[in-house]
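# Commentary on secondary and tertiary structure
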Amino acid sequence: MTTMNGKLLCEVFKSPRKDEMYLYVDKRRGLEDVPEALLERFGTPVSALTLILTPEKPLARTRGAEVMAAIEEKGFYLQMPPAKEDYLLDLYRTPTEARY
């Protein structure tokens, strides 16, 4: 693994195409391990921040250990936007009638 003493210097990129979609990579390797097909859907990555990950580090929607394991295995971790609440989706699916 590319960690030093259980730590990983990680760069986080945000997608210009989809709000709240982020790509975490090992800062030293950059985007070289990210599949081209994923980059095409992700859009041109915009660097959002660099951080030191540890297995215990809590992140917004995951833990450092999960991100580090994915980077070790695949070379990246993709954080998808949160799922919309079902009731909000129902608002769009349910046909509405205008009543006057």
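Note on numbering: residues in each chain are counted from 1, in written sequence order. Owing to the predicted nature of the model, reporting of local features is limited to residues with pLDDT of at least 70; listing and counting of side-chain atom pairs is limited to 80 or more, with chain, interface and lining totals taken over all residues. Heavy atoms from the whole structure form the basis of all side-chain values; hydrogens and water molecules are not counted.

Identification of the protein chain as YcgL domain-containing protein HHA04nite_24560 from Halomonas halophila is taken from an unreviewed UniProt entry.

### Quick word on the nonpolar core
Note the cut-off: Among the buried residues, those of types Ala, Val, Leu, Ile, Met, Phe, Trp, Tyr and Cys that are joined through side-chain atoms within 4.5 Å form a nonpolar core. Summary of the burial criterion: residues with accessible area below 20% of their type's maximum are buried, those above 50% are exposed, and those between are partly exposed, where the area comes from a 1.4 Å probe applied to protein chains only. Runs of E in the DSSP output that reach at least two residues are strands. Runs of H or I that reach at least four are helices, and both are numbered from the N terminus. By definition in these notes, contact holds between two residues if any of their heavy atoms fall within 4.5 Å.
Formed by Leu8, Cys10, Val12, Tyr24, Leu51, Leu53, Leu59, Val67, Met68, Ala70, Ile71 and Tyr77, the largest nonpolar core amounts to 12 residues. By residue number, the principal contributor to this core is helix α2 (residues 64–74), which donates 4 residues. Those residues in contact with Leu59 that lie beyond four places of it in its chain are Tyr24, Leu51, Leu53, Gly64 and Val67. Membership of the second largest hydrophobic core comes to 9 residues, among which are Leu23, Leu39, Phe42 and Phe76.

### Structural notes on the environment of Lys7
Examined against the element boundaries, Lys7 turns out to sit in the segment before β1 (8–14). Note: C-alpha distance between Lys7 and Lys57 (50 residues apart in sequence) is 9.9 Å. If sequence neighbours within four positions are ignored, Lys7 has contacts with Ile52, Leu53, Thr54 and Met68.

### Focus on the pairing of strand β2 (residues 22–26)
What counts is decided by this rule: DSSP calls a pair of strands paired once it identifies at least 2 bridges connecting them.
Among the 5 residues in β2, 4 count as buried, and that is most of the element. Taken together, the 5 bridges between β1 and β2 define a ladder with antiparallel strand orientation. Residue pairing across strands places Glu11 opposite Val25, the latter belonging to β2. Relative to strand β4 (residues 77–79), β2 runs antiparallel, the two sharing 3 bridges.

### Description of the side chain of Ser15
The line we're drawing: Counted as a polar contact is a pair of N or O atoms within 3.5 Å, where, for protein atoms, one must be capable of donating a hydrogen and the other of accepting one, and residues adjacent in sequence contribute only when both atoms are in side chains.
Inspection of the secondary structure assignment puts Ser15 in the loop between β1 and β2. Assessed through its relative accessible area of 8%, Ser15 is described here as buried. Within the structure, Ser15 has its side chain in polar contact with the backbone nitrogen of Arg17 (distance 3.0 Å). A distance of 2.5 Å separates a polar side-chain atom of Ser15 from the backbone oxygen of Phe42. With sequence-adjacent residues up to four places away left out, Ser15 is seen in contact with Met21 and Phe42.

### Topic: unusual backbone geometry
The phi dihedral of Glu20 falls on the positive side, at around 65°, and the residue is not glycine. Looking at where Glu20 falls in the secondary structure, it is placed in the loop between β1 and β2.

### So, the environment of Ala65
Within the secondary structure, Ala65 is located in helix α2. Look at Ala65 and you get partly exposed, because its relative accessible area is 35%. Taking the C-alpha atoms as reference points, Ala65 and Pro55, separated by 10 residues in sequence, lie 3.8 Å from one another. Once you skip the residues sitting within four places of it in the chain, Ala65 turns out to touch Thr54 and Pro55.

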